[in-house]
Amino acid sequence: MEPSPPHAAAGNGASLSAAASSTSSESGSGSSDEAKQNLAQVTESIQKSLGILHQLYLTVSSFNVSSQLPLLQRLNSLVTELDSMQKLAENCKIQVPMEVLNLIDDGKNPDEFTRDVINSCIAKNQITKGKTDAFKSLRKYLLEELEQTFPDEVEAYREIRATSAAETKRLAQSQSNLPNGDTKVKSEH
């Protein structure tokens, strides 16, 4: 698993399974199953490593001379499992945003990153909506003013707009009715 650069963090998921599904869906359905299987193997290896670490904790906390051999065996199995995990992880092409890793290092919930990204998107969406509404209001005001000054030209403009909108709608409907999902439209000119 490799960290992604901070600027690529805008939508990468805070959960590994979401990131894996988005990564695998980009490369096709055939490799989707393989990516899911790779992720499952890495997850299983992580769980196994955590189990070994727990056993090590128990062995070390009650250490005596007779528990030296089990301690060494568990250390060896941990090293082997970590090596296996690293090899399995090379097959997983998951990018985790640095911000998420920093939050985890700071002992915080990585869902904070997702919440911050969503809140940022909502704020940007509201700004864009405000701009769109302002342009709609300006367009309406200009058309009203132009209609008072140039009524014939505004009427011609509205007819052209209506014709253009009808043509666009007709083309969109004809594209959606093409067999086999083709989206090519033949020019009638």
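- In the annotation of an unreviewed UniProt entry, the entry for the protein reads Mediator of RNA polymerase II transcription subunit 10, and the organism field reads Rhynchospora pubera.
- Quoted verbatim from the Sequence similarities (unreviewed entry) field of the UniProt record, the comment on the protein reads "Belongs to the Mediator complex subunit 10 family."

## Structural notes on the overall build of the protein
Moving on, step 1. Helix and strand counts for the protein come out as six helices and two strands.
Moving on, step 2. The order of helices and strands in the protein, counted from the N terminus, is β-α-α-α-β-α-α-α.
Moving on, step 3. Within the protein, buried positions represent 16% of all 189 residues.
Moving on, step 4. Taking the contacts inside the protein whose residues are at least 6 apart along the sequence as the reference set, 56% of them involve residues at least 24 apart.

## Here we look at the environment of Thr128
Moving on, step 1. Checked against the element boundaries, Thr128 lands in helix H5 (residues 111–149).
Moving on, step 2. Accessibility expressed as a relative area gives 46% for Thr128, which makes it partly exposed.
Moving on, step 3. A polar side-chain atom of Thr128 sits 2.9 Å from the main-chain carbonyl oxygen of Lys124.

## Section: helix H3 (residues 68–89)
Moving on, step 1. Here H3 is 22 residues long and its end C-alpha atoms lie 31 Å apart, about the 32 Å a rise of 1.5 Å per residue gives.
Moving on, step 2. For H3, the full list of buried residues reads Leu71, Leu78, Glu81, Met85 and Ala89. Viewed end-on, H3 has its buried residues packed into an arc of 90°, placing them on one side of the element. In H3, those exposed residues whose orientation departs by more than 90 degrees from the buried face are Leu69, Asn76, Val79 and Thr80.

Reading the values: rules and limits
- Residues numbered from 1 in each chain as written.
- Predicted model: local features only at pLDDT ≥ 70, side-chain atom pairs only at ≥ 80, totals over all residues.
- Heavy atoms only, no water.
- UniProt positions renumbered as here; feature names shortened; annotations may be inferred.
- Helix = DSSP H or I, 4+ residues; strand = E, 2+ residues; numbered from the N terminus.
- Buried < 20%, exposed > 50% of the residue type's maximum accessible area, 1.4 Å probe, protein only.
- Contact = heavy atoms within 4.5 Å.
- Polar contact = N/O pair within 3.5 Å; in protein donor to acceptor, adjacent residues only side chain to side chain.
- Expected span 1.5 Å × (residues − 1).
- Arc of directions from axis to C-beta.

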